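Coordinate analysis (summary)
Single-letter residue listing:
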Amino acid sequence: MGRTAVIAGDRLAQLQAWAAELGFEAVGVSRADRLDEEAPRLEAWLAEGRHGEMGYMEGHFEKRLDPRLLLPGTKTVLSLLYNYHTPDPVGRSDEDTNLKISSYALGEDYHFVVKRKLKELLKWMRADWGDIAGRVFVDSAPVMERVWASRGGLGWIGKNSLLLTKGAGSYFFLGEILIDIELPASVGAAMDHCGTCTRCIDACPTGAIIQPYSVDGSRCISYYTIELRGDLPEPVAGAFEDWMFGCDICQEVCPWNRHAQPHAEPAFLASPDLLAMTRADWVDLTSDTFEALFKKSPIRRTGFEGLKRNIAHIERERLKGGR
Ligand code: SF4
Ligand code: SF4
């Protein structure tokens, strides 16, 4: 083994130790090539309008396939997982009839929390390894984060289109750091362990998982409750199953999430005031309460009006169904 390889190996060990110190579960390393095999899939998905009104998905087609266009000189893509699993969020037990918020959105907005940590990690790399060029991303449209995480050996992309890990399920935020130095790439994509299971497809209330490994983003409850502006379309009426912001159903039914461990991030904890909200409180939600509850929350993306629209829709359908 040459001197360069030894140094690169040392750096990888350092990187893993730093990432763990910052609370990341795992780091995957991939060589920054163009994702040639993803191009036809991405093109077909967009051509079929699976992104709905998420216009930002259409832009930067080439940049999404080739990270070197996002940061010239990129040699390596680092993929990092940050756990957000909350084992027993409000509204999930059979007896509980409260309205539901996706578990990723109970605390502070992950974009800020995870990005802060990625920037810190890049700072540590620079302090120790010298002046490297780098750029961080969290849930950012120009990066095909699940593909990179899978390439980096962190898991496989399941039939629900989420990244799954055998040891810890799918309740992870994904982040990336592009850097202009080489590190030893991970062993390659993990094996698919979905097997004959179809639980996520069977459980999806809106039929958004149109076939294994393909989610029609424009039919997903997360899209309706977060991204869509204006009125909710009639065909989805009654299918929200009390989800007023996002949806965790295809994660909750996934057998690999039986192994998920609770997160350890204080910023992701729901506030006592949020936990105290009852269904009646949600129905009567005022803009003042919204502001007090969701100061730094990802729920600000849909805003007060959007959340009110979702709640009103769910309640209307509930009354129609005599629940
Ligand atoms: S998040 Fe909910 S609506 Fe979207 S694909 Fe999963 S189960 Fe279906
Ligand atoms: S529920 Fe089953 S098919 Fe769906 S992602 Fe999990 S293991 Fe794969």
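Topic: the site of ligand 1
Every residue near ligand 1 is listed here: Cys204, Thr206, Ala208, Ile209, Cys220, Ile221, Cys247, Ile249 and Cys250. Of the residues that constitute the shell around ligand 1, the class distribution is eight nonpolar, one polar and no charged.

Side note on the sheet that holds strand E1 (residues 26-31)
With antiparallel pairing, the four strands of this open sheet are ordered in space as E1-E2-E7-E4. Only two strands of the sheet have a single neighbouring strand rather than two, namely E1 and strand E4 (134-138). The sheet shows a mean angle of 20° between the axes of neighbouring strands, taken without regard to direction. Taken together, the six bridges between E1 and strand E2 (residues 76-83) define a ladder with antiparallel strand orientation. Among the inter-strand pairings, Arg31 is bridged to a residue of E2, identified as Thr76. Across the sheet, helix H4 (residues 110-129) touches E2, E4 and strand E7 (172-179), and the angle it forms with E4 is around 160°.

Observations regarding the pattern of salt bridges
In this structure the tally under the stated criterion is 15 salt bridges. Between Arg151 and Glu37 there is a salt bridge, and its shortest N-O distance comes to 3.1 Å. Placement of the pair is Arg151 in helix H5 (residues 145-151) and Glu37 in the loop between E1 and helix H2 (39-47), with a sequence separation of 114 residues. The partly exposed category is assigned to Arg151, whose relative accessible area is 24%. One network of salt bridges, in which partners are shared, links Asp242, Arg279, Glu315 and Arg318.

Looking at the pairing of E4
Within E4, four of the five residues are buried, which leaves it mostly tucked inside the rest of the structure. In this structure, E4 lies alongside E7, joined through five bridges in antiparallel fashion. By the bridge assignment for E7, Val138 is matched with Gly175.

Focus on the site of ligand 2
In the region of ligand 2, the neighbouring residues are Lys159, Asn160, Leu164, Cys194, Cys197, Arg199, Cys200, Cys254, Pro255 and Trp256. Considered class by class, the residues forming the shell around ligand 2 number seven nonpolar, one polar and two charged. No fewer than three residues from each of domain 1 (3-179) and domain 2 (199-257 + 271-320) sit in the shell around ligand 2.

Some thoughts on the packing of aromatic side chains
Here the structure, examined in full by the defined rule, presents 18 aromatic pairs. Judged by centre distance (5.9 Å) and plane angle (65°), the ring pair of Phe290 and Phe304 falls under edge-to-face. Separated by 14 residues along the polypeptide, Phe290 in helix H11 (residues 287-293) and Phe304 in helix H12 (residues 303-320) bring together distant segments of the chain. Feature note: the residues Phe24, Tyr82, Tyr84, Tyr104, Tyr110, Tyr171, Phe173, Phe245 and Phe268 constitute an aromatic cluster, connected by ring pairs.

Comments concerning the confidence of the model for the chain
Low pLDDT means the predicted coordinates in that region are not meant to be read closely. Looking at the chain, the pLDDT average stands at 90 and 90% of residues meet or exceed 70. Highest mean pLDDT in the chain belongs to helix H6 (residues 199-203) (98); lowest belongs to H2 (78).

As for the environment of Ser186
Here Ser186 is to be found in the loop between E7 and H6. Those residues in contact with Ser186, other than ones at most four positions away along the chain, are Gly28, Val29, Gly152 and Gly153. A polar contact is formed between the side chain of Ser186 and the backbone oxygen of Gly152, at a distance of 3.0 Å.

Cut-offs and rules
Residues numbered from 1 in each chain as written. Chains lettered and ligands numbered in written order. Predicted model: local features only at pLDDT ≥ 70, side-chain atom pairs only at ≥ 80, totals over all residues. Heavy atoms only, no water. Near = heavy atom within 4 Å. Nonpolar A, V, L, I, M, F, W, Y, C, P; charged D, E, K, R; others polar. Pairing = 2+ DSSP bridges. Helix = DSSP H or I, 4+ residues; strand = E, 2+ residues; numbered from the N terminus. Axes fitted to C-alpha atoms, helices over the stretch in contact; angles between N-to-C directions. Contact = heavy atoms within 4.5 Å. Salt bridge = Lys/Arg side-chain N within 4 Å of Asp/Glu carboxyl O. Buried < 20%, exposed > 50% of the residue type's maximum accessible area, 1.4 Å probe, protein only. Domains from an automatic or database assignment. Phe/Tyr/Trp six-rings, centres within 6.5 Å; stacked < 30°, edge-to-face > 60°. pLDDT = per-residue confidence, 0-100. Polar contact = N/O pair within 3.5 Å; in protein donor to acceptor, adjacent residues only side chain to side chain.

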